[in-house]
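One letter stands for each residue in the lines below.
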Amino acid sequence: MKLKKYFTLSILVILMVCLVTGCFNRKELNAKEFSSLIVKEGFVVLDNTENYKELSGVKKYLVATNTLRSYKIEYYEFNDTKKAEELYDKIETKFKNSTKVKKSQYQTTSFGKYNYYSLTTNNSYKVVSRINKTVIITDSDRVNKESIKEVVKKLGY
């Protein structure tokens, strides 16, 4: 009986954490919404979709550059979720394999249509995040970490 109570309480706590952190409420941004929000944060957006036509399934590819902080955020919108998941997995693996530094920290979250992975090393800060058919990626110097975290939060990723 005690085990059943413990299990029920554990499930309730997990659900509450997910509700509070917004795991269930993640909404993907289409290219127009992404551009609008990121421009308000001081970024310049370039539409490079034509350069990635050979990347099958890409509906939209945007590069947002913050000229003051000298970093960029890439935005991919795919025709289907499978392609977005494939890109997310590829970039997450690349980030994981890129660090040989002993002092590194990472954060990962996966829940339904949402995946998030960030890596902090001595010199860099990397993020890849997916909501449904969209993926955002950034790979920058560590000095930009707080700025990137703030922008990613405002985007909802």
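Up top is the structure.
As the structure is a prediction and not an experimental result, all values here were calculated from the model.

Visitor: Account for the overall build of the chain, naming residues and giving values.
Guide: For the chain, the count of helices and strands is four helices and seven strands. For the chain, the share of sequence-separated contacts (at least 6 apart) that also reach a separation of at least 24 residues comes to 45%.

Visitor: Mind laying out the pattern of salt bridges, listing which residues take part and the relevant values?
Guide: Evaluated as defined, the whole model comprises ten salt bridges. For the salt bridge of K96 with E92, the shortest nitrogen-to-oxygen distance reads 3.4 Å. Taken together, the residues K96 and E92, both in helix α3 (residues 81-98) and four residues apart, mark about one turn of the helix. Judged by relative accessible area, which is 43%, K96 ranks as partly exposed. Under the relative-accessibility criterion, E92 is labelled buried at 13%. In this structure, E150 engages K154 in a salt bridge whose closest nitrogen and oxygen atoms are separated by 3.4 Å. Of this pair, E150 and K154 both sit in helix α4 (residues 145-155), four residues apart, which is roughly one turn of the helix. One network of salt bridges, in which partners are shared, links E41, E150 and K154.

Visitor: Could you give an account of the side chain of N66, naming the residues involved and the relevant values?
Guide: Within the secondary structure layout, N66 lies in strand β2 (residues 58-66). For N66, a relative accessible area of 6% translates into the label buried. Of note is the side chain of N66, whose polar atom sits 3.0 Å from the backbone nitrogen of L68. The contact partners of N66, leaving out residues within four places of it in the chain, are E41, G42, F43 and Y71.

Visitor: Explain the nonpolar core to me, and be specific about the residues and the numbers.
Guide: Grouped together as the largest cluster of nonpolar side chains are 21 residues, with contacts concentrated most on F34, I38, I73, I136, L155 and Y157. Residue assignment for this core shows that the elements contributing at least two residues are α2 (31-40), β2, β3 (71-78), β5 (114-120), β6 (124-131) and α4. For this core, the element with the most residues is α4, which contributes four residues. Sequence-distant contacts of I38, that is, excluding residues within four places in its chain, are made with F43, V45, A64, I73, V151 and L155.

Visitor: Could you give an account of the packing of aromatic side chains, naming the residues involved and the relevant values?
Guide: For any two aromatic rings, the description comes down to two numbers: the centre-to-centre distance and the angle of the planes. A full pass over the atoms with the stated rule returns five aromatic pairs. Considering the side-chain rings of F34 and Y75, the 4.6 Å spacing of their centres and the 20° angle between planes classify their relative orientation as stacked. Residue F34 is found in helix α2, and its partner Y75 is found in strand β3; the two are separated by 41 residues along the sequence. Here the two residues F34 and Y75 agree in accessibility, since each one is buried. When the centroid spacing of 4.6 Å and the interplanar angle of 35° are considered together, the rings of Y61 and Y76 count as tilted. Of this pair, Y61 sits in strand β2 while Y76 is found in strand β3, placing the two residues 15 residues apart along the sequence. In this structure Y76 comes out as buried when scored by relative accessible area, which is 7%. Across the ring face of Y114, the terminal group of R26 is positioned such that the distance to the ring centre comes to 4.4 Å.

Conventions and cut-offs
Residues numbered from 1 in each chain as written. Predicted model: local features only at pLDDT ≥ 70, side-chain atom pairs only at ≥ 80, totals over all residues. Heavy atoms only, no water. Helix = DSSP H or I, 4+ residues; strand = E, 2+ residues; numbered from the N terminus. Contact = heavy atoms within 4.5 Å. Salt bridge = Lys/Arg side-chain N within 4 Å of Asp/Glu carboxyl O. Buried < 20%, exposed > 50% of the residue type's maximum accessible area, 1.4 Å probe, protein only. Polar contact = N/O pair within 3.5 Å; in protein donor to acceptor, adjacent residues only side chain to side chain. Core = buried A, V, L, I, M, F, W, Y, C linked by side-chain atoms within 4.5 Å. Phe/Tyr/Trp six-rings, centres within 6.5 Å; stacked < 30°, edge-to-face > 60°. Lys NZ or Arg CZ within 6 Å of the ring centre and 35° of its normal.

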